[in-house]
Amino acid sequence: AMLGDDAGSRRLAAQLALVFDVADRFCAVQDRVFVDCLAALGGERKRTEEAQQRIQKGDWGYDGNASFEDGAFQAIEMLGLSSLEGVESTTAEFEEGLKRLLELLVERLDEGAGHNALRFLTFRLDFNNYYSKKHGQLA
């Protein structure tokens, strides 16, 4: 209702869809990191329980010097390093997409084609002026 059927409105709608898509992909990356960390912790807990059972039988608990904490943190660190790239790339893509969306909103408002709701949306998307300060004055 706030957007018309003109080219500027279609660009805004396409950019908004892109921002939503990136946000959805970021949530998927975050979910994967969480699941991987839980799996790593679960695997380390199982190895610790098995080591305790071996100790109770009079055998060595571990073959090396690894402990639950060391192994879990190493596994999480490896997962974190592999996941960091996905988090960083989707974060950068989101920031760029939101910056472009804000620019398009400002253009629409400057053209006089903007509905008052677009002005409030622009304010709410950058209410603390983070993007305006980071990328120069947008509005």
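Residues numbered from 1 in each chain as written. Predicted model: local features only at pLDDT ≥ 70, side-chain atom pairs only at ≥ 80, totals over all residues. Heavy atoms only, no water.

Draft legend 1. Spotlight on the overall build of the protein. A tally of regular secondary structure across the protein gives four helices and zero strands. The helix and strand sequence of the protein, counted from the amino end, reads α-α-α-α. Considering the protein as a whole, with its 139 residues, one finds that 24% of them fall into the buried category. Counted over contacts in the protein with a minimum sequence separation of 6, partners at least 24 positions apart contribute 67%. (Helix = DSSP H or I, 4+ residues; strand = E, 2+ residues; numbered from the N terminus. Buried < 20%, exposed > 50% of the residue type's maximum accessible area, 1.4 Å probe, protein only. Contact = heavy atoms within 4.5 Å.)

Draft legend 2. Representation of the pattern of salt bridges. Scanning all chains against the criterion turns up seven salt bridges. Across the pair Arg 25 and Glu 93 runs a salt bridge whose closest N-O atoms are separated by 2.8 Å. Of this pair, Arg 25 sits in helix 1 (residues 7-56) while Glu 93 is found in helix 2 (residues 68-110), placing the two residues 68 residues apart along the sequence. The exposure class assigned to Glu 93 is partly exposed, which follows from its relative accessible area of 33%. (Salt bridge = Lys/Arg side-chain N within 4 Å of Asp/Glu carboxyl O.)

Draft legend 3. Focus on helix 1. With 50 residues, helix 1 extends 74 Å from end C-alpha to end C-alpha; this agrees with the ideal 74 Å at 1.5 Å per step. Among the residues making up helix 1, those that are buried are Gly 8, Ser 9, Leu 12, Gln 15, Val 19, Val 22, Asp 36, Cys 37, Ala 40, Glu 44, Thr 48 and Ala 51. Of the residues one or two after helix 1, Gly 58 is the one with positive phi, at around 95°. (Expected span 1.5 Å × (residues − 1).)

Draft legend 4. Highlighting the nonpolar core. Ranked by size, the top nonpolar core spans seven residues in total: Leu 12, Val 19, Leu 98, Leu 101, Leu 102, Leu 104 and Leu 105. Of all the elements in the fold, those that place two or more residues in this core are helix 1 and helix 2. Ranked by the residues each element gives to this core, the list is headed by helix 2, at five residues. (Core = buried A, V, L, I, M, F, W, Y, C linked by side-chain atoms within 4.5 Å.)

Draft legend 5. Main features of the environment of Leu 104. Position of Leu 104 relative to the elements: it lies in helix 2. With 91 residues separating them along the chain, Leu 104 and Ala 13 place their C-alpha atoms 10.0 Å apart. With residues near it in sequence (within four places) discarded, Leu 104 still touches Arg 11, Leu 12 and Gln 15.

Draft legend 6. Here's a closer look at a nonpolar patch on the surface. On the surface, a cluster of nonpolar side chains totalling about 290 Å² of accessible area is made up of Phe 34, Val 35 and Leu 38. For Phe 34, the position within the fold is in helix 1. (Patch = residues over 30% accessible without salt bridge, like charges linked within 9 Å, V, L, I, M, F, W, Y side chains within 5 Å. Areas by Shrake-Rupley, 256 points an atom, 1.4 Å probe, with all protein chains shown as cover.)

Draft legend 7. Here's a closer look at the side chain of Gln 15. Positionally, Gln 15 belongs in helix 1. Ignoring sequence-local partners within four residues, the contact set of Gln 15 consists of Gly 97, Arg 100, Leu 101 and Leu 104.

Draft legend 8. Structural detail: the confidence of the model for the protein. Across the protein, pLDDT averages 77, with 65% of residues at or above 70. The least confident element of the protein, judged by mean pLDDT, is helix 4 (residues 130-134) at 65; the most confident is helix 1 at 86. (pLDDT = per-residue confidence, 0-100.)

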